[in-house]
Amino acid sequence: MLIVDTHNDALLELRDPRSGLTDETHHISIEKLRCGGVSMMTFAAFSSQPERYGSMLHMGAKGVDDFYALLDLHQDTLLQALCPQDVYRAQSAGRIAAMLSVEGGDVLEGDLHILHLWHRLGLRMFGLCWSRSNEICACCLEQKDFGLTDFGREVVLECDRLGIIIDLSHASDNTFWQTAELSAHGPCASHSCARALCPDQPRNLTDEMLTDLGCRGGYVGVNFCHNFLVGGGYPDDHLATIEDVVRHIEHMAEFAGVQSVGLGSDFDGISRVPVGLEDCSQFPAIADALLRRGWKEADVRGVMGENFLRYWSSVLHKAAR
Ligand SMILES: [Zn+2]
């Protein structure tokens, strides 16, 4: 069974790229990926701490360099994923595909040329913003929801043309709706949950968003973050469990359709993980839990990875036309 995770922050956790994914205290390590039978991980270059790195572009560049350092260091294990076929190629070679994404469109610093360069470096998924609004769009955590800016509209159309997946996981509601309208591709939220089950969390998608995303052939990867899974009505000491992840998957499948749902763990970017999903070796437990609840095997395969690869193929197919 293919296992695809559409968001992690391992690059952020990487203190020393020369030691790579060998720290077993992290959610993600080569050994844990092997143990979990993982097919593809999406590594996000993070670009929203200018105070630490001088500029957004500088921090983003460090993320890309770290990503390539990982590919070099683990060249017997990792294989860069530039298209869905690379994931199948990696699987048949007993390797793990690695996709490069960006979390925080601040990295462009308002210049489309940087997007072109990033695409040449292998960028295949682009998060328009992280936790603050930028030159592209409003983020979901800020009061003023101005949606997409003029530059943001240019970015969306250019991502469409290049076949870069536009990630709306941190986008505001207006940004979501305006991008859904403008883009030729179905909306993607690589690591979000269902707002109806966790109403005080703007990072999660409303039922209307999920329905629209499903109708347009989009994709949503369930986030394993405790705060996105349980909230409102739960006592503070309530620990999220794998059952909560399954609850969100089932709710998202109800509104978006089972073909639009996948996994977006946010591993190594979240401090509290669900009981039963403590690290990336435990992805298969989700498939087991869905099967126990009577899910059809084909639908389980979809959620575990095939849905994302089909979505990615559709983005590339439309871009090529
Ligand atoms: Zn995120």
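The structure we're discussing is the one just above.
Reference entry: report on the structure contained in this document. Here the structure is a predicted model, which is why all the values come from computation and not from measurement.

Here the focus is helix α11 (residues 242-256). Here α11 contains 15 residues, and its C-alpha end-to-end distance of 21 Å stays within 8% of the 21 Å for a straight helix at 1.5 Å per residue. For α11, the full list of buried residues reads Ile242, Asp244, Val245, Val246, His248, Ile249, His251, Met252, Ala253 and Ala256. Two residues or fewer past α11, Gly257 is found with a positive phi of approximately 95°.

So, about the coordination of the zinc ion. Only Glu103 (OE), His170 (NE2) and His191 (NE2) from the protein coordinate the zinc ion, and they sit 2.0 to 2.1 Å from it. In terms of primary sequence, the donors binding the zinc ion are separated according to E-x66-H-x20-H. Of this pair, Glu103 sits in strand β4 (residues 96-103) while His170 is found in the loop between β6 (165-167) and α8 (173-182), placing the two residues 67 residues apart along the sequence. Taken as a pair, Glu103 and His170 share a single burial class, namely buried.

On to the packing of helix α7 (residues 150-162) against α8, then. The interhelical angle for the contact between α7 and α8, taken along N-to-C directions, is 45°, at an axis separation of 10 Å. Accordingly, the angle class assigned to the pair α7 and α8 is oblique. At the point where α7 passes α8, the crossing takes the right-handed sense. Seen from α7, the contacting residues are Arg153, Val156, Leu157 and Asp160; seen from α8, they are Gln178, Thr179 and Leu182.

Our focus in this paragraph is the pairing of strand β5 (residues 123-127). The buried fraction of β5 amounts to five of the five residues, a majority that puts the element mostly inside the structure. In terms of strand pairing, β4 meets β5 through four bridges, oriented parallel. Counterpart to Val102 in the pairing with β5 is Phe126. Tracing the backbone out of β4, into helix α6 (residues 112-120) and back to the parallel element β5 gives a crossover that is right-handed. Relative to β6, β5 is paired through three bridges, and the arrangement is parallel. In the sheet register, Met125 faces β6, and the bridge partner there is Ile165. Traced from β5 through α7 to β6, the parallel crossover comes out right-handed.

What counts and what doesn't
- Residues numbered from 1 in each chain as written.
- Predicted model: local features only at pLDDT ≥ 70, side-chain atom pairs only at ≥ 80, totals over all residues.
- Heavy atoms only, no water.
- Helix = DSSP H or I, 4+ residues; strand = E, 2+ residues; numbered from the N terminus.
- Expected span 1.5 Å × (residues − 1).
- Buried < 20%, exposed > 50% of the residue type's maximum accessible area, 1.4 Å probe, protein only.
- Donors = N, O, S within 2.8 Å, 3.2 Å for Na, K, Ca; no water.
- Axes fitted to C-alpha atoms, helices over the stretch in contact; angles between N-to-C directions.
- Parallel < 35°, antiparallel > 145°, perpendicular 65-115°, else oblique.
- Left-handed = near helix turned anticlockwise from the far one by under 90°.
- Contact = heavy atoms within 4.5 Å.
- Pairing = 2+ DSSP bridges.
- Right-handed = clockwise from strand over helix to strand, strands pointing away.

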